[in-house]
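Okay, here's what each chain looks like letter by letter:
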Amino acid sequence: MFRVVILFAAATIVAGGVTNVERCLNDNGDLPLHTYIEGCTDPPCELLHDEYVVMHTTFKAPRNITSMTTWGALYLNVGPVNVPVRYRLGEQETTCNFLENTRCPLRKGQIVRYTLRMYIGVYMLLRSAVRLEYIIMDENWAPVVCVGFPVRGDHYRPPVNQQRKLPPLPIRD
């Protein structure tokens, strides 16, 4: 069984890339076996308003699990401290709906592939953002896995199809 897990993890890494992620700062969830954030292999990952962060994760179920919920935390730099701001992910927070190779309930030791697509809305204070974390919790609110990575943000930039040219300023004599 151990060889199957190693071969599966190696095949996933070769096929999809790897992002260097870290343990979460305030939650005790384990790191997944494999994480790939599209467009980012070596954080800090760039976050852009009005786009999606897509994270592919492979993890091993630490126990029997009936259902799971995913939450996000954006760490904002406020003076000398980094303050975590937890936020909900809408329909994406129902983790079991986005599993790729299985469905809930999970058995202890089961290998699970999960993809999270999180919209970066205009309300997010990306200029102050220093870290993003995702935690998956089971039906008892016990951590399953937790992933953190440094980020850098941009100013709001409307999508190309919504950018408007302003008329030239009138010249006054």
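The rules behind these values
- Residues numbered from 1 in each chain as written.
- Predicted model: local features only at pLDDT ≥ 70, side-chain atom pairs only at ≥ 80, totals over all residues.
- Heavy atoms only, no water.
- Helix = DSSP H or I, 4+ residues; strand = E, 2+ residues; numbered from the N terminus.
- Buried < 20%, exposed > 50% of the residue type's maximum accessible area, 1.4 Å probe, protein only.
- Contact = heavy atoms within 4.5 Å.
- Core = buried A, V, L, I, M, F, W, Y, C linked by side-chain atoms within 4.5 Å.
- Disulfide = S-S within 2.5 Å.
- Pairing = 2+ DSSP bridges.
- Axes fitted to C-alpha atoms, helices over the stretch in contact; angles between N-to-C directions.
- Salt bridge = Lys/Arg side-chain N within 4 Å of Asp/Glu carboxyl O.

For the protein chain, the name recorded in an unreviewed UniProt entry is MD-2-related lipid-recognition domain-containing protein, with Iphiclides podalirius as its organism.

Novice: So, the overall build of the protein chain: which residues are in play, and what are the values?
Specialist: When its secondary structure is counted, the protein chain shows 1 helix and 8 strands. Taken from N to C terminus, the helices and strands of the protein chain fall in the order α-β-β-β-β-β-β-β-β. Scored against the burial criterion, the 173 residues of the protein chain give a buried share of 42%. Considering only contacts in the protein chain between residues 6 or more positions apart, those separated by 24 or more positions represent 65%.

Novice: Kindly report on the nonpolar core, identifying the contributing residues and their values.
Specialist: Side chains of nonpolar character tend, in soluble globular proteins, to be buried together. Among the nonpolar cores identified, the biggest contains 32 residues, and Phe59, Met68, Leu106, Leu132, Tyr134 and Phe149 are the most heavily contacted of them. At the level of elements, strand S2 (45-47), strand S3 (51-60), strand S4 (68-78), strand S6 (111-120), strand S7 (129-138) and strand S8 (143-153) are the ones that each hand at least two residues to this core. Core analysis: the second largest hydrophobic core is formed by 5 residues, Trp71, Ile135, Met137 and Cys146 among them.

Novice: Break down unusual backbone geometry for me, citing the residues and quoting the values.
Specialist: Only a minority of non-glycine residues have a phi that is not negative, and only a minority of peptide bonds are not trans. Pro43 connects to Pro44 through a cis peptide bond whose omega is 15°. Topologically, Pro44 is positioned in the loop between strand S1 (34-37) and S2. The phi dihedral of Trp141 falls on the positive side, at around 65°, and the residue is not glycine. Among the secondary structure elements, Trp141 is positioned in the loop between S7 and S8. The exposed category is assigned to Trp141, whose relative accessible area is 52%.

Novice: Account for the state of the cysteines, with residues named and values stated.
Specialist: Tallying each qualifying case throughout the model produces 3 disulfides. Covalently, Cys24 is tied to Cys146 through a disulfide, its sulfur atoms 1.8 Å apart. The S-S bond linking Cys24 to Cys146 shows a torsion near -95°; that makes this disulfide left-handed. Here Cys24, found in the loop between helix H1 (2-16) and S1, pairs with Cys146, found in strand S8; they are 122 residues apart in sequence, far enough to count as distant.

Novice: Describe in detail the environment of Val144, supporting the description with residues and values.
Specialist: Within the secondary structure, Val144 sits in strand S8. Spatially, the C-alpha atom of Val144 lies 6.7 Å from that of Asp30, the residues being 114 residues apart in sequence. If sequence neighbours within four positions are ignored, Val144 has contacts with Gly29, Asp30, Phe59, Pro62, Arg63, Ile65, Met68, Ile136, Met137 and Asp138.

Novice: Could you give me a rundown of the sheet that holds S6, with the residues and numbers involved?
Specialist: Strands sit in the order S1-S3-S6 across an open sheet of 3 strands; the sheet is antiparallel. The sheet is open, and its two edges are formed by S1 and S6, each paired on a single side. Across this sheet, the average inter-strand angle for adjacent strands is 15°, counted without regard to direction. Bridge count for S3 against S6 is 10 bridges, and the pairing is antiparallel. Looking at S6, one finds that Val53 is bridged to Met118.

Novice: Describe in detail the pattern of salt bridges, supporting the description with residues and values.
Specialist: In total, this model carries 6 salt bridges according to the counting rule given. Between Arg23 and Asp30 there is a salt bridge, with its nearest N and O atoms 3.8 Å apart. Residue Arg23 is classed as partly exposed on the basis of its relative accessible area of 48%. Residue class for Asp30 comes out partly exposed when judged on its relative accessible area of 42%. Among the ionic pairs, Glu93 bridges to Arg88, the shortest N-O distance being 2.4 Å. Exposure remark for Glu93: the relative accessible area of 11% places this residue in the buried category. Classification of Arg88 as exposed rests on a relative accessible area of 54%.

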